[in-house]
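So you can see what is in the structure, the chains are spelled out below.
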Amino acid sequence: MRLQAKPLGFIVNFMLGIAWASMLIGAVTSFLSFYSDSLAFAIVSAGIASLPGMVVVLLLEHFITSKEKLAELQKQTKLLEALQAQGSRP
């Protein structure tokens, strides 16, 4: 779990798992549905069927990355304020 906030981290990771599962289920079911027609069509349909799940995974990963970046920037701000306070003392 990468997010520090426990409830938010649990929800985001749970949604990330659901997105990966929906991508996999969409790709496999679409592939197996069209496999009897042609292999090339089955591969293309599996790729198209997995796109919505991949988009959700990408969005959730972006959300996690931006939350981590915000936490790191907050740590850096505290350190810089501490350094500034030390440097301004006579």
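Notes on the structure follow.

1. Describing the overall build of the protein chain
Within the protein chain, the secondary structure is distributed over two helices and zero strands. Here the C-alpha atoms of the protein chain give a radius of gyration of 22 Å, more than 25% beyond the 12 Å that 2.2 N^0.38 yields for 90 residues. When its C-alpha atoms are laid out on the principal axes, the protein chain stretches across 80 × 25 × 15 Å. Among the 90 residues that make up the protein chain, the fraction classed as buried is 19%. For the protein chain, the proportion of contacts with a sequence separation of at least 24, taken over those separated by at least 6, is 52%. Summed over its atoms, the accessible surface of the protein chain is roughly 7000 Å², and 72% of this surface lies on carbon and sulfur atoms. Of the charged side chains in the protein chain, 7 are positive and 5 negative; the average position of the first set lies 14 Å away from that of the second.

2. Some words on the nonpolar core
Judged by nonpolar contacts, V12, L16, A19, V57, L60 and I64 together constitute the single largest core of six residues. When residues of this core are traced back to their parent elements, those giving at least two are helix 1 (6-34) and helix 2 (39-87). Beyond its immediate chain neighbours, meaning those up to four positions away, A19 contacts G53, V56 and V57.

3. Some thoughts on the environment of S66
Along the polypeptide, S66 turns up in helix 2. In this structure S66 comes out as partly exposed when scored by relative accessible area, which is 34%. It is 32 Å that separates the C-alpha atoms of S66 and V44, two residues lying 22 residues apart in sequence. Polar contacts involving the side chain of S66 include one to the main-chain carbonyl oxygen of H62, which spans 2.7 Å. Here the side chain of S66 touches F63 through a polar contact of 3.1 Å, landing on its backbone oxygen.

About the criteria used
- Residues numbered from 1 in each chain as written.
- Predicted model: local features only at pLDDT ≥ 70, side-chain atom pairs only at ≥ 80, totals over all residues.
- Heavy atoms only, no water.
- Helix = DSSP H or I, 4+ residues; strand = E, 2+ residues; numbered from the N terminus.
- Rg over C-alpha atoms; globule rule 2.2 N^0.38 Å.
- Buried < 20%, exposed > 50% of the residue type's maximum accessible area, 1.4 Å probe, protein only.
- Contact = heavy atoms within 4.5 Å.
- Areas by Shrake-Rupley, 256 points an atom, 1.4 Å probe, with all protein chains shown as cover.
- Lys, Arg positive; Asp, Glu negative; His and termini not counted.
- Charge placed at Lys NZ, Arg CZ, Asp CG, Glu CD.
- Core = buried A, V, L, I, M, F, W, Y, C linked by side-chain atoms within 4.5 Å.
- Polar contact = N/O pair within 3.5 Å; in protein donor to acceptor, adjacent residues only side chain to side chain.

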